[in-house]
Amino acid sequence: MKIILNGKSKKLNSDQNVIDLIGLLKIDSKFIAVAINGEFISKRNYTKIFLHDGDVVEVVSPHPGG
Amino acid sequence: MQIYNIKLKNNIILGSSKYPSPNIFLKCVRNIKTEMITVALRKIGDKPEKFYKTLAKTNCKILPNTAGCFNVKEAVNTALMCRDIFETDFIKLEVIENEKNLAPSVRGTIKASETLLKLGFKVLPYATDDIKFARRLVEVGCKVVMPWGSPIGTGQGLVNINKLKLIRKSLPDTTLIIDAGIGRVSHACQVIELGYDGILLNSAVALSKNPPKFAESIYNGVNSTIESIKAGPISVSKKPIASTSSKGIPFRK
């Protein structure tokens, strides 16, 4: 399946949850937050939420800001 | 100043953006003696932990923002993501309406404030100098309101002093912080002289030629102003009053 990850198309195997995606990105979940199709996903739900074809996923991290 | 349930000794909140380097940013934090720093969320880059670790070195409280949000849904979801990362209920709410002057959306900011307060956030909304806007934010439950001095990053200072005075007078129990428009030390001093509780600034420090020195100057200016107010300045008179005695003036009868 294909998802849109931070604005770019990404191929994924089926039956992948959010924690699988974070594993593929090789990042520590402590430093990030996730939204799928515009809706925030809590860290405690990363294993429960599975990705679907066409999902628009945002993975964000702290950034300098005013 | 009182920020919901916490009291900060320092009246200055510092933004973390646009510094020449992380080290210069850390020096500015030290020199301005801030206890609270604003941060943003953006799509992940190469090393998402890098900035997080810089923040940890400041030992400051984190005030995440919703910068770049143009509607209530974006702002609320960004706030939820901020809470997930930073484990704080504080949120600097920005719902922008006008991309040109980065003015906040009145309706969007009020609606997002209501929603976030119900979700347990401690909302610090970025507002204009409009009294009705500020009052509505207090009515929906905001304990802090942050009117702009002038548009973000302009350094124009306080362009509508009378409007800002009216907000202070009308909302005596609300913590008022000027957010945006500060360019010089004198602007920050003016904020304190207007009876405002604090200042939130970023570009003025980060983009100055010598940010650590400028940060120190802001701290000194603000604290001198606070001390001078405690010392009791004279009241303003419409008529001139000579400083020197009128008795015994030479060449007079």
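Note that the structure is a prediction, hence the values are computed from the model and not measured.

**Some thoughts on the overall build of chain B**
- Across its full length, chain B holds nine helices and twelve strands.
- Its C-alpha atoms give chain B principal-axis dimensions of about 85 × 40 × 35 Å.
- Every one of the 253 residues in chain B was classed for burial, and the buried ones make up 52%.
- Only carbon and sulfur atoms are counted for the fraction: they give 51% of the accessible area of chain B, which is about 13,100 Å².
- With 38 positive and 20 negative side-chain charges, chain B shows a separation of 8 Å between the mean positions of the two kinds.

**Side note on the packing of aromatic side chains**
- Scanning all chains against the criterion turns up three aromatic pairs over all chains.
- Judged by centre distance (4.8 Å) and plane angle (75 degrees), the rings of Phe31(A) and Tyr52(B) are edge-to-face. Here Tyr52(B) lies in helix H2 (residues 48-58) and Phe31(A) lies in the loop between helix H1 (18-25) and strand E3 (33-36), a pairing that spans two chains. Neither Phe31(A) nor Tyr52(B) differs from the other in exposure class; each is buried.
- With centroids separated by 5.1 Å and ring planes inclined at 50 degrees, the aromatic side chains of Tyr19(B) and Phe25(B) adopt a geometry described as tilted.
- On the basis of relative accessible area, Tyr19(B) is assigned to the buried category, the value being 11%.
- Geometry around Tyr219(B) places Lys33(B) over its ring, the cationic atom sitting 4.6 Å from the centre.
- Above the face of the Tyr196(B) ring, Arg168(B) is positioned so that its terminal group lies 5.9 Å from the ring centre.

**Some remarks on helix H9 (residues 211-230) of chain B**
All names here are of chain B.
- If you check H9, its first and last C-alpha atoms are 29 Å apart, about what 20 residues at 1.5 Å a residue would give, namely 28 Å.
- Among the residues making up H9, those that are buried are Pro 211, Pro 212, Ala 215, Ile 218, Gly 221, Val 222, Thr 225 and Ile 226.
- Buried residues along H9 sit against strand E3 (12-15), helix H1 (22-32), helix H7 (185-193), strand E12 (198-201) and helix H8 (203-206).

**Remarks on the nonpolar core**
All names here are of chain B.
- In terms of nonpolar packing, the biggest core is built from 82 residues, with Ile 3, Tyr 4, Val 123 and Leu 201 touching the most fellow members.
- Among the elements that take part in this core, helix H3 (residues 72-86) stands out by supplying eight residues, more than any other.
- Every residue in contact with Val 123, bar those within four places of it in the chain, is listed here: Tyr 4, Ile 91, Leu 93, Ser 113, Leu 116, Leu 117, Cys 142 and Val 144.

**Overview of the packing of H3(B) against helix H4 (residues 106-118) of chain B**
Residues and elements named next belong to chain B.
- One way to put it is that H3 packs onto H4 with a least axis distance of 9 Å and a crossing angle of 35 degrees. Handedness of the H3/H4 crossing: right-handed. For the pair H3 and H4, contact is made by Val 72, Ala 75, Val 76 and Ala 79 and by Gly 108, Lys 111, Ala 112, Thr 115 and Leu 116, respectively.
- For the contact of H3 with H4, the per-class residue count stands at six nonpolar, two polar and one charged.

**Topic: the side chain of Ser208(B)**
Residues and elements named next belong to chain B.
- Position of Ser 208 relative to the elements: it lies in the loop between H8 and H9.
- Take Ser 208: its relative accessible area is 15%, and that puts it in the buried class.
- Of note is the side chain of Ser 208, whose polar atom sits 2.7 Å from the backbone oxygen of Val 205.
- In this view, Ser 208 contacts Ser 203 and Phe 214; residues no more than four positions away in its chain are not counted.

**Observations concerning the environment of Phe40(A)**
- Looking at the element boundaries, Phe40(A) is found in strand E4 (residues 39-41).
- We classify Phe40(A) as buried; its relative accessible area is 19%.
- Sequence separation of Phe40(A) and Asp55(A) is 15 residues, and the distance between their C-alpha atoms is 13 Å.
- When near neighbours in sequence (up to four residues on either side) are disregarded, Phe40(A) contacts Val34(A), Ala35(A), Asn77(B), Leu80(B), Met81(B) and Asp84(B).

**Re the interface of chain A and chain B**
- Counting residues at the interface gives 26 residues for chain A, matched by 27 residues for chain B.
- Together, the buried faces of chain A and chain B total about 2,200 Å²; carbon and sulfur atoms form 64% of this surface.
- Summed over the three residues of chain A that lose the most area to chain B, namely Phe40(A), Pro62(A) and Gly66(A), the buried surface amounts to 27% of that side.
- At the surface where chain A touches chain B, the tally comes to three salt bridges.
- The partner of Asp84(B) in a salt bridge is Lys43(A), with the nearest N and O atoms 3.5 Å apart.

**Re the pairing of strand E10 (residues 144-147) of chain B**
Residues and elements named next belong to chain B.
- In E10, alternate side chains face the same way, and those of Val 144 and Met 146 on one face and Val 145 and Pro 147 on the other are all buried.
- For the crossover from strand E9 (residues 122-127) across helix H5 (residues 131-139) to E10, the handedness is right-handed.
- Summarising the sheet, E10 and strand E11 (residues 175-179) pair through two bridges and their orientation is parallel. Across the sheet, residue Val 144 finds its bridge partner in E11, namely Thr 175.
- With respect to chirality, the unit in which E10 leads through helix H6 (residues 161-170) into the neighbouring parallel E11 is right-handed.

Calculation rules
- Residues numbered from 1 in each chain as written.
- Chains lettered and ligands numbered in written order.
- Predicted model: local features only at pLDDT ≥ 70, side-chain atom pairs only at ≥ 80, totals over all residues.
- Heavy atoms only, no water.
- Helix = DSSP H or I, 4+ residues; strand = E, 2+ residues; numbered from the N terminus.
- Buried < 20%, exposed > 50% of the residue type's maximum accessible area, 1.4 Å probe, protein only.
- Areas by Shrake-Rupley, 256 points an atom, 1.4 Å probe, with all protein chains shown as cover.
- Lys, Arg positive; Asp, Glu negative; His and termini not counted.
- Charge placed at Lys NZ, Arg CZ, Asp CG, Glu CD.
- Phe/Tyr/Trp six-rings, centres within 6.5 Å; stacked < 30°, edge-to-face > 60°.
- Lys NZ or Arg CZ within 6 Å of the ring centre and 35° of its normal.
- Expected span 1.5 Å × (residues − 1).
- Contact = heavy atoms within 4.5 Å.
- Core = buried A, V, L, I, M, F, W, Y, C linked by side-chain atoms within 4.5 Å.
- Axes fitted to C-alpha atoms, helices over the stretch in contact; angles between N-to-C directions.
- Left-handed = near helix turned anticlockwise from the far one by under 90°.
- Nonpolar A, V, L, I, M, F, W, Y, C, P; charged D, E, K, R; others polar.
- Polar contact = N/O pair within 3.5 Å; in protein donor to acceptor, adjacent residues only side chain to side chain.
- Buried area = accessible area lost by both parts, 1.4 Å probe.
- Salt bridge = Lys/Arg side-chain N within 4 Å of Asp/Glu carboxyl O.
- Right-handed = clockwise from strand over helix to strand, strands pointing away.
- Pairing = 2+ DSSP bridges.

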